[in-house]
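Results of the structural survey
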Amino acid sequence: MLNKLLKHELKATARLLIPLYLILLFFTIMDRIVLHLDIFKGVLSLIPGLITIGYVLSIVAIVVVTAILMIMRFYKNLFTDEGYLMFTLPVKSYHHINSKLIVAILWTVVSIIAVIGSIFIVAATPENLKAFNEGLKMFWAELSGPSEDHRLTIFIELILMLFLSLINNILLIYLSIAIGQLLNGHKIIGAFASYIGITTVLQILATLLIFAASLIFKDIVEDVTFIRTTVFPVTILSLIILSVIYYFITDLIFKRKLNLE
Amino acid sequence: MNTILECKSLTKNFSNLTALSNVNLALERGRIIGLLGPNGSGKTTLIKLINGLLVPNSGEILIDGKQPGTETKKIVSYLPEKTYLPEWMRVSQAIEFFSDFYEDFDQKKAYEMLERLHLDSKKRLKTLSKGTKEKIQLILVMSRKADLYCLDEPIGGVDPAARDYILNTIISNYNENATVIISTHLIADIENILDEVVFIKDGLLTLHTSVDDIRTKEGKSVDTLFREVFRC
């Protein structure tokens, strides 16, 4: 049944995002062409500017729509009138979380690739690429120290952290929305309040923990390998634990505390 | 098993209000049952409990012997009082949605009914009026071959002509194994198709009897009895 939920979730979201990707593609190609042509004189010189504005707007639209869609699909499809349809389907309640989460991750990744890819297409000149490479090298040097031995480990850790942060944040948004709907009015304000409340508490806890850790491991903190061996793994582990907690509480609310209007 | 729905001491509280209190009820298969009561009496709460949208505080609710869950959702066809189809969908997409998720959904039947009511399946739901959306939802719900139909205010928003067609649809679609629960306060309109009635008042089940009994023993129509019982 998850497959069917995924299929319909993809349909419901693709109809908004695919056109935006096509618009971005159009402006990317146009911008690439006009920025590297030097033929616009007089009034015509406005053309590259206008196309660039369109290009930037299409990037902004993709970022905004991807984020809002992730939130709105969960809220609107599950907790407004559409919830009556979704929660009476013969599917396990957690499959609703799974389908929404998988599709949200998918579109986030696609949008990131689309935007970064398009920036490369527009901006790629030999000089720019060279500068980019050097920036990347400096970044690695900072992270891994003089030795090159552990670059792969750090790379994997970084990717894992990015991916888990994305999942963690989506699940936290889902949990906040699920908590917000417990209220009999002001469900959206409730969702925002839960999100801010949970993140604030976590921030305070994290600050305290880091402070405590820095006192205990005073000497090691100076060493750059500490990031790879301890900071990243601890972050990864806490992201996993938090995500699992968010997921189960959300499903518990689905099962026991639905409060559709 | 001839009992399709069984409630045992079913109680549901909301923060400061008892929506259903100690309801005991057993419904047989093959009946059309009117769930009648004034606004706020607990009709919708009972229907939501049947469909697993609410969880009881105490007591038990069993559909075909099972607690509400994935298995019961396969055999219960539910029409809420809401327009619950996503607005961006075309009617044909809503039909596809139903046939994807419900094994007992009969696409052919749905298209036949659409045609009978002169509804265009290519239209998007957001372009349709509220009454038309209600008709489409009812068509979807009645195109399933379910064991239990829960219709919450199915005729409230539609015109009298369509009302007749809908009631006919309900009668002609229900088979001897299926039971239909219709919650409404438009009693006069549906009285003729009902086999049994359940009266709910302030969360309490006050009467469960057959319509024939009301007519022969009390010598009244359901509508008259309702007006007497729930006199304000």
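To keep things clear, this report deals only with the structure shown in the data block.

Cut-offs applied
Along each chain, residue indices are assigned from 1 in the same order as the chain's sequence is written. Lettering for chains starts from A, numbering for ligands starts from 1, and both go in the order in which the items are written. Given that the model is predicted, a residue must reach a pLDDT of at least 70 before its local features are reported, and side-chain atom pairs must reach 80 or more before they are shown or counted; all residues, however, enter totals for whole chains, interfaces and linings. Only hydrogens and water are set aside when side-chain values are computed; all heavy atoms of the structure are taken into account. For the purposes of this entry, the term helix denotes a DSSP run of H or I that reaches at least four residues, the term strand denotes a run of E that reaches at least two, and both are numbered from the N terminus. Here the globule rule is a power law, 2.2 Å times the number of residues to the power 0.38, and the radius of gyration is based on C-alpha atoms. In this scheme, a residue with accessible area under 20% of its type's maximum is buried, one over 50% is exposed, and one in between is partly exposed, where area comes from a 1.4 Å probe on protein chains only. We call two residues in contact whenever any of their non-hydrogen atoms come within 4.5 Å of each other. The charge count treats Lys and Arg as positive and Asp and Glu as negative. His and the chain ends do not count. The location of each charge is read from NZ of Lys, CZ of Arg, CG of Asp or CD of Glu. Angles shown run from 0 to 180 degrees and are taken between the N-to-C directions of axes, each axis being a line fitted to C-alpha atoms and, for helices, limited to the stretch in contact. By the definition used in this description, the sense in which the near helix is turned from the far one sets the handedness, with an anticlockwise turn below a right angle giving left-handed and a clockwise turn giving right-handed. Polar here means any residue outside two lists: the nonpolar Ala, Val, Leu, Ile, Met, Phe, Trp, Tyr, Cys and Pro, and the charged Asp, Glu, Lys and Arg; Gly therefore counts as polar. DSSP bridges decide pairing: two strands pair if at least two such bridges lie between them. Classification of ring pairs rests on two measures: the distance between centres of Phe, Tyr or Trp rings, Trp counted by its six-membered ring, which must be within 6.5 Å, and the angle between planes, read as stacked under 30 degrees, edge-to-face over 60 and tilted in between. By the definition adopted for this analysis, an angle is roughly parallel if under 35 degrees, roughly antiparallel if over 145, roughly perpendicular if from 65 to 115, and oblique otherwise.

Take the overall build of chain B next. Assigned secondary structure in chain B consists of nine helices and nine strands. Computed over its C-alpha atoms, the radius of gyration of chain B comes to 17 Å, within 12% of the 17 Å expected for a compact globule of 232 residues. Oriented by its inertia axes, the alpha-carbon framework of chain B measures out at about 50 × 35 × 35 Å. Counting every position in chain B, which comprises 232 residues, the buried fraction comes to 55%. For chain B, restricting intrachain contacts to residue pairs at least 6 apart in sequence, the fraction spanning at least 24 positions comes to 69%. Of the side-chain charges in chain B, 30 are positive and 32 negative, and the distance between the mean point of each set is 5 Å.

The next thing to look at is the packing of helix α2 (residues 46–79) of chain A against helix α6 (residues 151–180) of chain A. Residue and element names in this part refer to chain A. Contact pair α2 / α6: the axes reach a minimum separation of 10 Å and the direction vectors enclose 35 degrees. Like other packed secondary-structure pairs, α2 and α6 cross with a definite hand, here right-handed. Contacts between α2 and α6 involve Met70, Ile71, Phe74, Tyr75 and Phe79 from the former and Ile170, Ile173, Tyr174, Ile177 and Ala178 from the latter. Taken together, the residues of the contact of α2 with α6 sort by class into ten nonpolar, no polar and no charged.

Moving on, we get to the sheet that holds strand β2 (residues 17–28) of chain B. Strands in a sheet are paired, the pairing made by backbone hydrogen bonds, and the direction either parallel or antiparallel. All names here are of chain B. With respect to topology, three strands assemble into an open sheet ordered β2-β1-β4, the strand pairing being antiparallel. The open sheet has two free edges, formed respectively by β2 and β4 (58–63), since each of these has just one partner strand. Adjacent strand axes in the sheet meet at a mean angle of 20 degrees, parallel and antiparallel pairs treated alike. As paired strands, strand β1 (residues 3–14) and β4 are joined by five bridges and run antiparallel to one another. Its bridge partner being in β4, Cys7 is matched across the sheet by Ile61.

The next thing to look at is the pairing of strand β3 (residues 32–36) of chain B. Residue and element names in this part refer to chain B. Of all five residues making up β3, five are buried, and the element is well covered by its neighbours. In β3, alternate side chains face the same way, and those of Ile32, Gly34 and Leu36 on one face and Ile33 and Leu35 on the other are all buried. Summarising the sheet, β3 and strand β7 (residues 179–184) pair through five bridges and their orientation is parallel. Within β7, the position partnered with Gly34 by the bridge is Ile182. Relative to strand β8 (residues 196–201), β3 runs parallel, the two being bridged by four bridges. In the sheet register, Gly34 faces β8, and the bridge partner there is Val197.

Turning to the packing of aromatic side chains, a few remarks are in order. Remark: the centre distance and the inter-plane angle together describe each pair of aromatic rings, the angle taken between the planes. Under the counting rule described, the total for this entry stands at 16 aromatic pairs over all chains. Aromatic pair B:Phe97 and B:Phe101: ring centres 4.8 Å apart, planes at 50 degrees, arrangement tilted. With B:Phe97 and B:Phe101 both in helix α3 (residues 91–101), this residue pair falls four residues apart, about one helical turn. With a relative accessible area of 4%, B:Phe97 lands in the buried category. Taking relative accessible area as the criterion, B:Phe101 reaches 1% and is therefore assigned buried. Of the aromatic side chains, those joined through ring pairs into one cluster are A:Phe74, A:Phe79, A:Phe87, A:Tyr174 and A:Phe254.

Before going further, it helps to spend a moment on the sheet that holds β3(B). Residue and element names in this part refer to chain B. What the six strands build is an open sheet, ordered β5-β6-β7-β3-β8-β9; its pairing is mixed. Single-partner strands in this sheet number two, and they are β5 (76–79) and β9 (204–210). The mean angle between the axes of side-by-side strands here comes to 15 degrees, regardless of whether they run parallel or antiparallel. Bridging between strand β6 (residues 148–152) and β7 involves five bridges; their strand directions are parallel. Opposite Leu148, over in β7, you have Thr179 as the bridge partner. The sheet strands contacting helix α1 (residues 43–50) are β3, β5, β6, β7 and β8, and the helix crosses β6 at an angle near 145 degrees. Across the face of the sheet, helix α9 (residues 222–229) comes into contact with β3, β8 and β9 while running at roughly 15 degrees to β8.

Time to look at the packing of helix α4 (residues 107–116) of chain B against helix α5 (residues 130–142) of chain B. All names here are of chain B. Running from amino to carboxyl end, α4 crosses α5 at an angle of 150 degrees, the nearest separation of the two axes being 9 Å. What the angle tells us is that α4 and α5 run roughly antiparallel. In terms of crossing hand, the pair formed by α4 and α5 is right-handed. Touching Lys109, Ala110, Met113 and Leu114 of α4 are Ile136, Ile139 and Met142, all from α5.

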